[in-house]
Amino acid sequence: MPVITTLIQNLGLTRQQADVYLAALELGESTVQELARKSGVKRTSIYNFIDELKKRQLLFETTRKKRSVFGAATPQQLLELSKVRLKELESSLPQLMAINNRSLKKPRVTF
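Report on the accompanying structure. Not measured: the values here are computed from a predicted model. (Residues numbered from 1 in each chain as written. Predicted model: local features only at pLDDT ≥ 70, side-chain atom pairs only at ≥ 80, totals over all residues. Heavy atoms only, no water.)

## Re the pattern of salt bridges
Consideration 1: Under the counting rule described, the total for this entry stands at six salt bridges.
Consideration 2: For Lys54, the salt bridge goes to Asp51, with nearest N and O atoms at 3.4 Å. Here Lys54 and its partner Asp51 are both found in helix α4 (residues 43-55), three residues apart, which amounts to about one turn of the helix.
Consideration 3: The exposure class assigned to Lys54 is partly exposed, which follows from its relative accessible area of 26%. (Salt bridge = Lys/Arg side-chain N within 4 Å of Asp/Glu carboxyl O. Helix = DSSP H or I, 4+ residues; strand = E, 2+ residues; numbered from the N terminus. Buried < 20%, exposed > 50% of the residue type's maximum accessible area, 1.4 Å probe, protein only.)

## Some points on the side chain of Ser30
Consideration 1: Here Ser30 lies in the loop between α2 (15-27) and α3 (32-39).
Consideration 2: If sequence neighbours within four positions are ignored, Ser30 has contacts with Leu35, Val69 and Phe70. (Contact = heavy atoms within 4.5 Å.)

## Notes on the side chain of Thr31
Consideration 1: One can find Thr31 in the loop between α2 and α3.
Consideration 2: Thr31 has contacts with Arg67, Ser68 and Val69, leaving out every residue within four places of it along the chain.

## A closer look at α2
One turn of the α-helix equals 3.6 residues, which is why residues spaced by three or four share an orientation.
Consideration 1: Here α2 spans 18 Å end to end across 13 residues, near enough to the 18 Å set by a 1.5 Å rise per residue.
Consideration 2: Considered for burial, the residues of α2 that qualify are Gln17, Ala18, Asp19, Val20, Tyr21, Leu22, Ala23 and Ala24.
Consideration 3: Elements in contact with the buried residues of α2: α1 (3-9), α3, α4, β1 (59-64), β2 (67-72) and α5 (75-98).
Consideration 4: Downstream of α2 by a residue or two, Gly28 has a phi angle that is positive, lying close to 85°. (Expected span 1.5 Å × (residues − 1).)

## Quick look at the environment of Gly12
Consideration 1: With respect to the helices, strands and loops of the structure, Gly12 is situated in the loop between α1 and α2.
Consideration 2: Assessed through its relative accessible area of 31%, Gly12 is described here as partly exposed.
Consideration 3: Taking C-alpha positions, Gly12 is 22 Å from Pro94, a pair spaced 82 residues apart along the chain.
Consideration 4: Other than its neighbours up to four places away in sequence, Gly12 contacts Gln17, Arg56 and Arg85.

## Quick look at the pairing of β2
Consideration 1: Of the pairings in the sheet, the one linking β1 to β2 comprises six bridges and is antiparallel in character. Each bridged residue has a counterpart across the sheet, and for Glu61 the counterpart in β2 is Phe70.
Consideration 2: The loop that links β1 with its antiparallel partner β2 comprises two residues; one of these, Lys65, has a positive phi angle of about 50°. (Pairing = 2+ DSSP bridges.)

## Structural notes on the packing of α2 against α3
Consideration 1: For the pair α2 and α3, interaxial distance at closest approach is 9 Å and the crossing angle is 110°. As summarised for this structure, α2 and α3 are arranged roughly perpendicular, according to the angle between their axes. Packed against α2, whose contacting residues are Asp19, Val20, Ala23, Ala24, Glu26 and Leu27, the element α3 presents Glu34, Leu35, Lys38 and Ser39 at the interface.
Consideration 2: A breakdown of the residues in the contact of α2 with α3 according to their chemical character gives five nonpolar, one polar and four charged. (Axes fitted to C-alpha atoms, helices over the stretch in contact; angles between N-to-C directions. Parallel < 35°, antiparallel > 145°, perpendicular 65-115°, else oblique. Nonpolar A, V, L, I, M, F, W, Y, C, P; charged D, E, K, R; others polar.)

## Let's talk about α3
Consideration 1: Within the sequence span of α3, burial applies to Val32, Leu35, Ala36 and Ser39. In an axial view of α3, the angular spread of the buried residues amounts to 100°, which keeps them on one side of the axis.
Consideration 2: Buried-residue contacts for α3 involve α2, α4 and β2.
Consideration 3: Once α3 finishes, Gly40 follows within two positions and takes phi at roughly 85°, a positive value. (Arc of directions from axis to C-beta.)

Shown next, in the form of structure tokens:
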């Protein structure tokens with residue numbers, strides 16, 4: 001597995017999603033069929049998750065000659081996605097610390 005695919009997967013994408021993103025980045029604007037051919041992911045599988053990639057703003061959709069074509073967002077968008085995920089984790093850290101149950105000395109109550 002190429003290192004770049006692993007890095008993209010660490011942002012919360014599946015391997016197939018990462019492969020499709022990299023194919024779109026390399027091809028520029030392309031159809032789903034071209035993305036499938038380049039990425040090695042089945043065309044029907046791409047239709048299952050392409051909306052999620054658009055929602056994350058990693059792919060954008062335009063129309064060319066009555067056909068939908070997809071293009072990849074810039075690699076800087078990956079950095080922004082990573083920053084958002086880090087901020088979400090930082091904001092939930094106090095809640096996670098509050099439910100942390102690893103105290104070595106737990107108080108005991110006896111009757």
